[in-house]
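# Geometric and topological summary
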Amino acid sequence: MTLDLFVTLDIIDDDVSAVVDAYLADPSSRSVEFGEGYRINPAAAVASHPFARTLMNQPWADAGLRRAAVRAAILLAEPDRI
């Protein structure tokens, strides 16, 4: 999972923030490269995370809450090594 890559320093917080930004700019984005040789599908990550998936459809959810939900989904997703 993406979170494990922090331990090995293959990614840093800015890498995850860039993926979150990419998703929020275009929720249909299918592939985003990040870190040192990784790729992730943020749309699939959000779709497979029950809380993030539900929250993104709620009109009461503000930008900060949406960002946190997407970040959680990205951190729990399994990126591909490229």
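Summarised in this report is the structure supplied together with it.

Criteria and thresholds
Residues numbered from 1 in each chain as written. Predicted model: local features only at pLDDT ≥ 70, side-chain atom pairs only at ≥ 80, totals over all residues. Heavy atoms only, no water. Pairing = 2+ DSSP bridges. Helix = DSSP H or I, 4+ residues; strand = E, 2+ residues; numbered from the N terminus. Phe/Tyr/Trp six-rings, centres within 6.5 Å; stacked < 30°, edge-to-face > 60°. Buried < 20%, exposed > 50% of the residue type's maximum accessible area, 1.4 Å probe, protein only. Salt bridge = Lys/Arg side-chain N within 4 Å of Asp/Glu carboxyl O. Contact = heavy atoms within 4.5 Å.

## Digging into the sheet that holds strand β1 (residues 32-34)
An order of β1-β2-β3 is seen for the three strands of this open sheet, with the pairing classed as antiparallel. What marks the edges here is a single partner per strand, and that holds for β1 and β3 (80-81). Pairing between β1 and strand β2 (residues 38-40): three bridges, direction antiparallel. Opposite Phe34, over in β2, you have Tyr38 as the bridge partner.

## A word on the packing of aromatic side chains
Tallied over the entire structure, the rule returns one aromatic pair. Taking 6.3 Å as the distance between ring centres and 45° as the angle between the ring planes, the aromatic pair formed by Phe34 and Tyr38 counts as tilted. Across the pair, exposure class does not vary: Phe34 and Tyr38 are buried alike.

## Describing the pattern of salt bridges
The full count for this structure, using the stated rule, is two salt bridges. A salt bridge links Asp21 to Arg67; the nearest nitrogen and oxygen atoms lie 2.7 Å apart. You can see Asp21 sitting in helix α2 (residues 13-25) and its partner Arg67 sitting in helix α5 (residues 63-76), a full 46 residues away along the chain. With relative accessibility at 40%, the residue Asp21 sits in the partly exposed group.

## Section: the side chain of Thr2
The residue Thr2 is located in the segment before α1 (4-7) in this model. The buried category is assigned to Thr2, whose relative accessible area is 0%. Setting aside residues up to four positions removed in sequence, Thr2 forms contacts with Ile11, Val16, Phe34, Ile40, Ile74, Leu75, Ala77 and Pro79.

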